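Residue-level listing of the chains:
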Amino acid sequence: MSERTLAIIKPDAVKKNTIGDIIARYDKAGLRPVAIRMMKLSKSTAEGFYAVHKARPFFDSLSTFMSSGPVVVLVLQGDNAIKKNRELMGATDPAKAEAGTIRKAHGANIEFNAVHGSDSSETAKFEIGYFFPEMDLVG
Ligand code: IDP
Ligand code: MG
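Just so it is clear, the model here is predicted, and its values are computed rather than measured.

Colleague: Break down helix H4 (residues 59-66) for me, with residues and values.
Modeller: Two residues of an α-helix separated by three or four positions point the same way, owing to the 3.6 residues in each turn. Three or more residues of H4 are buried, namely Phe59, Leu62, Ser63, Phe65 and Met66. One side of H4 carries all its buried residues, which in axial view fall inside an arc of 160°. Those residues of H4 that are buried are in contact with strand E1 (2-9), helix H1 (11-15), helix H3 (43-49) and strand E3 (71-79).

Colleague: Any chance you could break down helix H7 (residues 121-131) for me, citing the residues and the numbers?
Modeller: Within the sequence span of H7, burial applies to Ala124, Glu127, Ile128 and Phe131. Projection of H7 onto a plane perpendicular to its axis shows the buried side chains occupying an angular sector of 100°, all on one side. Those residues of H7 that are exposed and aimed more than 90 degrees away from the buried face are Glu122, Lys125 and Gly129. Structurally, H7 contributes buried residues whose contacts are with E1, strand E2 (32-39), H3, E3, helix H5 (81-89) and strand E4 (115-117).

Colleague: Give me the nonpolar core: which residues, what numbers.
Modeller: Counting 20 residues, the largest nonpolar core has Leu6, Ile8, Met66, Val73, Val75, Phe131 and Phe132 as the members making the most contacts within it. If you list the elements that add at least two residues to this core, you get E1, E2, H3, H4, E3 and H7. A total of 4 residues in this core trace back to one element, the largest contributor, which is H4. Those residues in contact with Phe132 that lie beyond four places of it in its chain are Leu6, Ala35, Ile36, Arg37, Val73, Val75 and Leu137. Counting residues in each nonpolar core, the second largest holds 17 residues, with Leu76, Leu88, Ile102 and Ala114 among its members.

Conventions adopted
Residues numbered from 1 in each chain as written. Chains lettered and ligands numbered in written order. Predicted model: local features only at pLDDT ≥ 70, side-chain atom pairs only at ≥ 80, totals over all residues. Heavy atoms only, no water. Buried < 20%, exposed > 50% of the residue type's maximum accessible area, 1.4 Å probe, protein only. Helix = DSSP H or I, 4+ residues; strand = E, 2+ residues; numbered from the N terminus. Arc of directions from axis to C-beta. Contact = heavy atoms within 4.5 Å. Core = buried A, V, L, I, M, F, W, Y, C linked by side-chain atoms within 4.5 Å.

Structure, rendered in structure tokens:
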């Protein structure tokens, strides 16, 4: 079933010039961008995006990291896009991520881990709406 997921190429990956490599991986996996936006998040925008984690000890550090430099926010569409993107990304901790995954290739540690991907259809809906009005989705 075709569905949409939200991906973010995080500030660490943008700084390392890996935008092209990461988007090529989406292309090869059949995940088609239907919206792309490059932006620098304010700290409060990052906090709102990660509100589900606000009780976690890493929340402040994560929000600071996510607002530390430009990011690329994408909506990807394809069959089983949510699960497929999670598989492409690999485990949250790059040290535990499988070979061939984005986080294995470009993540430095459990915080600076290169990419975000929605983890369910409910979070995908919230996350897509957080960055894009419906009219900006071209697919
Ligand atoms: P996910 O990105 O694989 O879905 P989540 O548990 O949703 O992982 O965490 C969101 C983000 O918070 C992670 O991608 C990572 O950047 C950061 N993070 C997760 N766990 C930790 C931690 O234990 N220490 C520091 N940062 C963390
Ligand atoms: Mg998550």
